[in-house]
Protein chains: 2
Amino acid sequence: MKMKLKLIFSFLLMLLCSSIECSHIPHPLDPLTPSEINLVRNIILKSYQTKHYNLTFHYVGLQEPDKPLIQSWLSSNTKTKTLLPPPRQAFVIVRFQKQSLEIIVDFSTRSIISTKLYKGQGYPILTFGEQTIASQLPFTYEPFKHSLNKRNINISNVLCAAFTVGWFGEEKSKRTVKVKCYYKNGSANLYARPLEGVAAVVDLDEMKIVGYSDRHVIPVPKAEGTEYRASKMKPPFGPMLKGIAVSQHDGPGFTIQGHSVSWANWVFHIGFDIQVGPIISLASIYDLENQKYREVLYKGLISEVFVPYQDPSEEWYYTTYFDCGEYGFGQTMSSLQPFTDCPANAVFLDAYYSASDGTPVKISNAFCIFEKYAGDIMWRHTEIAIPNEVITEVRSDVSLVVRSVSTVGNYDYVIDWEFKPSGSIKLGVGLTGILGIKAGTYTNTDQIKEDIHGTLLADNTIGIYHDHFFTYYLDLDIDGEANSFVKTNLETVRVKDQTIPRKSYWTVVKETARTEADARVNIGIKPSELLVVNPSKKTKQGNQIGYRLLPGPIVHPLLLTDDYPQIRGAFTNYNVWVTPYNKTEKWAGGLYVDHSRGDDTLAVWSLRDRKIENKDIVLWHTMGFHHVPSQEDFPVMPTLSGGFELRPTNFFESNPVLKTKSPKAVHWPNCTFQH
Amino acid sequence: MKMKLKLIFSFLLMLLCSSIECSHIPHPLDPLTPSEINLVRNIILKSYQTKHYNLTFHYVGLQEPDKPLIQSWLSSNTKTKTLLPPPRQAFVIVRFQKQSLEIIVDFSTRSIISTKLYKGQGYPILTFGEQTIASQLPFTYEPFKHSLNKRNINISNVLCAAFTVGWFGEEKSKRTVKVKCYYKNGSANLYARPLEGVAAVVDLDEMKIVGYSDRHVIPVPKAEGTEYRASKMKPPFGPMLKGIAVSQHDGPGFTIQGHSVSWANWVFHIGFDIQVGPIISLASIYDLENQKYREVLYKGLISEVFVPYQDPSEEWYYTTYFDCGEYGFGQTMSSLQPFTDCPANAVFLDAYYSASDGTPVKISNAFCIFEKYAGDIMWRHTEIAIPNEVITEVRSDVSLVVRSVSTVGNYDYVIDWEFKPSGSIKLGVGLTGILGIKAGTYTNTDQIKEDIHGTLLADNTIGIYHDHFFTYYLDLDIDGEANSFVKTNLETVRVKDQTIPRKSYWTVVKETARTEADARVNIGIKPSELLVVNPSKKTKQGNQIGYRLLPGPIVHPLLLTDDYPQIRGAFTNYNVWVTPYNKTEKWAGGLYVDHSRGDDTLAVWSLRDRKIENKDIVLWHTMGFHHVPSQEDFPVMPTLSGGFELRPTNFFESNPVLKTKSPKAVHWPNCTFQH
């Protein structure tokens, strides 16, 4: 009888699972599953597919349930696990008949519940499919063949790629890209061997070449020294490194259920989006003293990555990429390699995005999750002031990292979300991959009498100057939704009291931002600590409960503010902005970034100067790098790292890791290894 | 016969070794050995000891051989290993008859070769011995006993410590400290329980109390919540962390001979100094392409750590510590704990300094050296543009860390020197330990109507605002001695050519500093890359060979420049200074920092505005933190980290780790662990 019941139950579960992909307990913020992506495709194609018009899928993602729905589900779920999750829906952007349509698909009813024609400026993310087709067009285009002949280049060794072209004040802009080509003979490093001066303009809606230029013949840089595959390199190899591995003999300290992670005192959810890649949601930390989880981050993501190159010439002036909005920081995520991209103790998660035709594409090992132990110290103290006693207490630092790598053409971005038991969240970015390279006639700097807008890296090889701006969206909900943004300004005080031997000291003057204008900050101008606080909650001691931003590499844009790329990238004009939470304000550079005109950016939304005090607010933070390439960055670039920290500041009553014990002291392990 | 020869050889070796401490090949930059320290003591005491006057040893360190001597020894040593090392000598500062004497002792002749009476302002490092004696004086001082009675405090639970008092414009200053006391009943955290308002002034030369004040009775903060020893804590413990260890099944990749380290493509020497702690010298990197070692850093050290507190009240205004020059960043180094201060794969080195009486004191495990693998990526690229092929090449990042911890009273500073195969040197500082705490009457911020110059951390407990400035001395010798300092300024260019759709771009304008004045930089004011280059060497492509400074947390002083502490700490007025190499200019705040008047600091030397172009130059870099304490920093502070990077920039012809193979992919090891 018992057996029978079990079987029936299993059967019911199977039925249930086949419809909702239940390899795990479904979470309302889980990214779309492959079958959901397929369902979206089927539902939409049923309504739109005709013989005459192609329909392409540019954005297929979760239509995120409203915040109150998530929160009530979450609190109900935590307590009784009874409430059904909010209705699951997809938000979709398709191109159909040269128009962008925004479609919302509901999964429970398997129907389109809303369709909107987008009438604004700009176009959605480029699909891989159309980029590939566009890149093939030159091969059947006579003038291109002529260009190759002129250069004595065999067409079979040529590869092309499509590049977004931005907007430079044109009143009307078609959905065009420029296709530039490379000579791949003898090296995998195509970017190092551009056919400089040759570019085709392709209209993606028409899918044909609508413009072509062959300005000048520049020598294609040689293949020698451009290869980066170990299998193609010749000795001597080096420097040699001995094997090193992380081992956890009691197993990993984290658990993953579906996309929900629990580790040490943290819980959070890992989402995925085709446009921005990793989304960390509902990060809460367990407060040992109060014996409860407390909210920190409702949602965090890299909202846009702006990469303007700094060469004003015909072939390069338009190279001002928006890696999220134009190329999709999610669909460009690379499959992570075990043991090199992530350490041996990593666990991997896949991701799925929709292809042009709406079918799901799997990115295997899109995320890795691992406990990081870099040999660092969480806290310590040695006390020698007590006679006949030396006290030393040290706790070693272990953290949890969620990593992804987005490879947008030549560049690889390593994106880390690191959670520390102390309550800090560290957000790291590593830049590696291949530089944007222009071919030139020079082989030595002696020959150069003009501005070449870059560094001569090798013969005929110029690494163009550029910037990387990473704009993070951080919907902090510090111990609840209603928060304020506080600048703790450090101000010098001149001592007037003649009895005091000091002439000066500094003190803090707190300034709560009332409106968005108050909260725009260029870091580095004034010494300030920047905090998000919960104004209605205080510690026992009466301090405002908060988290502060400890900035990393700070970068300010150098383009003129009225220059077109900077109008589009105006969200980088400040390192910090604060906006009231608004579900539609998620993409700092807009949702339709290709050919955008900057009218749907953070900089524009923020002009309304809304109230932000004691409200659900979003902190936007831009960090980044000006990049003057150096020869070391060629042919592939050693990682350049940066990052920032969100650090609890009077969030806890005292050090939250005071009572953490260091992991057991493990003596040099005696291991047998499998190679 | 063979056996006999062996024995004779061993005997000869023994004879040799007993005279020169030859556990290793001696290196002219090795720190003084215990027997050398003893020898210094014996030689000096023989000359100076009398019945009537005490002589105390304040600085005993290596009298560093002149740079040309080191270099010719080094090049000879590399080639033929024949040249004898330069004469080995000690530089010593003693206090004798209330005067500071500078004595040079020669080891080969076992004699004093020079003695100089120091006539300038300021006094040498405080010895632990005199600090301990001074701290005992209150216990037999009647007014102090009275103060304790008034507070109902049992003297047996009181501990005192000596604090430097700086200089505040007095025309004459004696060698005084202030002794402040703590109630240690029920907690090891004495700093959390100050007897606020009570201070004795002790003249260290007279070794007696010469002043005393008991200004007001403030409640001593309670012991509860101040303890940091796990053994004294009550459950619940947490957050719990699972064991994690680094294992290297082929053994460590580095070798240490004496104090010389060789790892991957790096070689360098680890020195030790009582005043500044770790000294990294002769760091050179192997250039695979040119098959030779190339110089990078002749010598690097933390020259001074300036920690001004920001409370102008009677008890705190003078609290403006210089942790190197006053307390000795070397003699305050803590013994590192295996498995927590450093990972399981670390190797340790001891250090020795001289006590007040000249005898050697051992710091066991003063340094640890370990290979760090944090799961990071050295470089990577995924290529999907080549049809029917996905290329992914990833190299995992391993580096070598030299760590020490200086615990200056309450604060613990974790000092990391990290060498990367890519040529980068990362200099890390971690701040942990215990805050400077003032007792107050407040228990809640509601009660506070004045500036308390700090954060209320717990009942009656105020964490005082303060700064930490770390000033690094970096004698870079980039591929040779004659170097220049170059600012690569990034400047916006307005486009005038109407045919170009862009309105602006940025480019680089290089500016070589001619004199010291040109090289003073406040980072963050202008976008610049800061480089030290070798102007007479270029890459094949013609770029200047160099290293650049990638700054970390930037801090500018907030005290008025004419305020006494800032005059003494004027070397923090700029984040970057460059000086011509001068053997005597090593200590940014001077050699006699206690009661100093700022007349022997970097800021003063640099006023000469010497030429620095194409010369042997020293780069001084100040990084640091303004610290507004938060409740999380109590009772012991989670590490706050910062650091900066010295990165090769056109030093190599191309990526120097292109041909590095990742350490063998080690699968999850099957280990048996010893606890």
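This is a predicted model, so every value here is computed, not measured. By convention here, each chain's residues receive numbers from 1 onward along its written sequence. Chain letters start at A and ligand numbers start at 1, both assigned in the order the entries are written. Only residues with pLDDT of at least 70 are given local features in this predicted model, and only at 80 or more are side-chain atom pairs given and counted; all residues enter the totals for whole chains, interfaces and linings. Only hydrogens and water are set aside; all other atoms, that is, all heavy atoms of the structure, feed into the side-chain values.

Here's the deal with the interface of chain B and chain A
Contact definition: two residues touch when any of their heavy atoms are within 4.5 Å. Counting residues at the interface gives 175 residues for chain B and 175 residues for chain A. Summed over both partners, the interface of chain B with chain A comes to about 16,400 Å²; 59% of that surface belongs to carbon and sulfur atoms. Any carboxyl oxygen of Asp or Glu that lies within 4 Å of a side-chain nitrogen of Lys or Arg is treated as forming a salt bridge with it. If you look at where chain B meets chain A, you find 12 salt bridges. Between Arg502 of chain A and Asp563 of chain B there is a salt bridge, with its nearest N and O atoms 3.9 Å apart. Whenever a nitrogen or oxygen atom comes within 3.5 Å of another N or O atom, the pair is scored as a polar contact, on the condition that within protein one atom can donate a hydrogen and the other can accept it, and that pairs from neighbouring residues in sequence are kept only if both atoms are in side chains. If you look at where chain B meets chain A, you find 103 residue pairs in polar contact (both at pLDDT 80 or more). Classification used: nonpolar for Ala, Val, Leu, Ile, Met, Phe, Trp, Tyr, Cys and Pro, charged for Asp, Glu, Lys and Arg, polar for all others including Gly. Of the residues that constitute the side of chain B that touches chain A, the class distribution is 84 nonpolar, 56 polar and 35 charged. Two strands are counted as paired when DSSP detects at least two bridges linking them. Elements are defined by DSSP. Helices are runs of H or I of four residues or more, strands are runs of E of two residues or more, and each kind is numbered from the N terminus. Examined bridge by bridge, strand 9 (residues 245-247) of chain A and strand 9 (residues 245-247) of chain B share 3 bridges and lie antiparallel to one another. The residue of strand 9 of chain B that forms the bridge with Ser247 of chain A is Ala245 of chain B. A quick way to say it: buried area is the sum, across both parts, of accessible area lost when two parts are put together, with a 1.4 Å probe.

Re the pairing of strand 32 (residues 615-627) of chain A
Residue and element names in this part refer to chain A. Three exposure classes are used, based on accessible area relative to the maximum for each residue type with a 1.4 Å probe and protein chains only: buried under 20%, partly exposed in between, and exposed over 50%. Most of strand 32 sits inside the fold, with 12 of its 13 residues counted as buried. Pairing between strand 26 (residues 466-476) and strand 32: 9 bridges, direction antiparallel. Bridge pairing links Leu474 to Leu619 in strand 32. Sheet topology note: the strand 27 (residues 482-494)/strand 32 ladder contains 2 bridges and is antiparallel. Note on strand 32: the bridge partner recorded for Ala482 is Asp616. The sheet contact formed by strand 31 (residues 576-580) and strand 32 spans 5 bridges and is antiparallel. From the neighbouring strand, Trp577 faces strand 32, where its bridge partner is Trp620.

Brief notes about the state of the cysteines
Residues and elements named next belong to chain A. Two cysteine sulfurs form what is called a disulfide whenever their separation falls within 2.5 Å. Using the criterion set out here, one finds 4 disulfides over all chains in the structure. Between the sulfur atoms of Cys342 and its disulfide mate Cys368 the distance is 2.1 Å. Looking down the S-S bond of the Cys342 and Cys368 bridge, the torsion is -90°, so its handedness is left-handed. One end of the pair, Cys342, is in the loop between strand 15 (320-322) and strand 16 (347-354); the other, Cys368, is in strand 17 (residues 360-372), with 26 residues separating them in the sequence. Pair check on accessibility: Cys342 and Cys368 agree, each one buried. Free of any disulfide, Cys324 has its nearest cysteine sulfur in Cys368, 19 Å distant. On the basis of relative accessible area, Cys324 is assigned to the buried category, the value being 0%.

Side note on the sheet that holds strand 3 (residues 99-106) of chain A
All names here are of chain A. The antiparallel open sheet is built from 4 strands, whose spatial order is 1-2-3-4. The open sheet has two edge strands with one neighbour each: strand 1 (55-63) and strand 4 (111-118). The sheet shows a mean angle of 20° between the axes of neighbouring strands, direction not considered. Taken together, the 7 bridges between strand 3 and strand 4 define a ladder with antiparallel strand orientation. Residue Ser100 lies in a different strand from strand 4, and its bridge partner there is Tyr118. Axes here refer to lines fitted to C-alpha atoms; in helices the fit is confined to the stretch in contact. Angles between the N-to-C directions go from 0 to 180 degrees.

A closer look at the relation of the copies chain B and chain A
What sets the superposition is a least-squares fit of C-alpha atoms, and only residues with pLDDT of at least 70 in both copies go into it. For the pair chain B and chain A, the superposition axis carries a translation of 0.0 Å, the fit reaches an RMSD of 0.0 Å, and the rotation angle comes to 180°. The symmetry that links the two subunits is that of a two-fold axis. Both copies share a contact surface, since 100% of the interface residues of chain B are interface residues in chain A too.

What about unusual backbone geometry?
At the junction of Phe634 of chain A and Pro635 of chain A, the peptide bond is cis and its omega measures out at 5° in the coordinates. Note on placement: Pro635 of chain A falls in the loop between strand 32 and strand 33 (637-649). A cis geometry characterises the amide bond from Gly238 of chain B onward to Pro239 of chain B, with omega recorded as -10°. Relative to the helices and strands, Pro239 of chain B resides in the loop between strand 8 (208-214) and strand 9. Notably, Asp479 of chain A is not glycine yet its phi reads approximately 60°, a positive angle. Summarising the element assignment, Asp479 of chain A is placed in the loop between strand 26 and strand 27. Its identity as a non-glycine residue notwithstanding, Asn614 of chain B has a phi of 55°, on the positive side. Among the secondary structure elements, Asn614 of chain B is positioned in the loop between helix 7 (602-605) and strand 32 (615-627).

A look at the side chain of Asp273 of chain B
Residues and elements named next belong to chain B. Take Asp273: it is sitting in strand 12 (residues 266-273). Only four residue types enter the tally: Lys and Arg on the positive side, Asp and Glu on the negative side, with His and both chain ends excluded. Among buried Asp, Glu, Lys and Arg side chains, Asp273 stands out as unpaired, with Lys586 the closest opposite charge at 5.3 Å. Reaching out from Asp273, the side chain makes a polar contact with the backbone nitrogen of Gln275 at a distance of 2.7 Å. Leave out the neighbours within four places in its chain, and Asp273 touches Tyr59, Ile279, Gly330 and Trp587.

Describing the UniProt feature "active site" (unreviewed entry) in chain A
All names here are of chain A. Within the UniProt annotation, "active site" (unreviewed entry) is assigned to Asp323 and Tyr411. In sequence the annotated residues extend across 89 residues, while in space they remain close, none of their C-alpha pairs exceeding 10.1 Å. Here Asp323 shows up in the loop between strand 15 and strand 16. On the basis of relative accessible area, Asp323 is assigned to the buried category, the value being 3%. Filtering out sequence-adjacent residues up to four positions away, Asp323 remains in contact with Glu304, Val305, Val307, Gly328, Phe329, Val408 and Tyr413. Counting through the fold element by element, Tyr411 comes out in strand 21 (residues 411-419). Not counting residues within four places of it along the chain, the set of residues in contact with Tyr411 comprises Tyr309, Ser406, Leu431, Thr432, Ile434, Leu435, His466, His468, His627 and Met637. A polar side-chain atom of Tyr411 sits 2.7 Å from a polar atom in the side chain of His466. UniProt positions are given in the numbering used here, feature names are shortened, and annotations may be inferred rather than shown by experiment.

Looking at the domain arrangement of chain A
All names here are of chain A. All domain edges in this entry derive from an automatic or database-based domain assignment. What the domain assignment reports for chain A is domain 1 (25-118) and domain 2 (264-649). Computed from C-alpha coordinates alone, the two centres of domain 1 and domain 2 are separated by 28 Å. Listed as interface residues are 28 residues of domain 1 and, on the opposing side, 31 residues of domain 2. With both chains or domains summed, domain 1 and domain 2 bury close to 2,400 Å², and 57% of this area falls on carbon and sulfur atoms. On the domain 1 side of the interface with domain 2, the three residues burying the most area are Tyr59, Glu64 and Lys67, jointly 29% of the side's total. The tally of links from domain 1 across to domain 2 stands at 6 salt bridges. Across the pair Lys67 and Asp475 runs a salt bridge whose closest N-O atoms are separated by 2.8 Å. Inspection of the region where domain 1 meets domain 2 yields 12 residue pairs in polar contact (both at pLDDT 80 or more). Those elements that provide at least two residues to the side of domain 1 that touches domain 2 are helix 2 (34-48), strand 1, helix 3 (67-79), strand 2 (89-96) and strand 3. With 7 residues, the single largest contributor to the side of domain 1 that touches domain 2 is strand 1.

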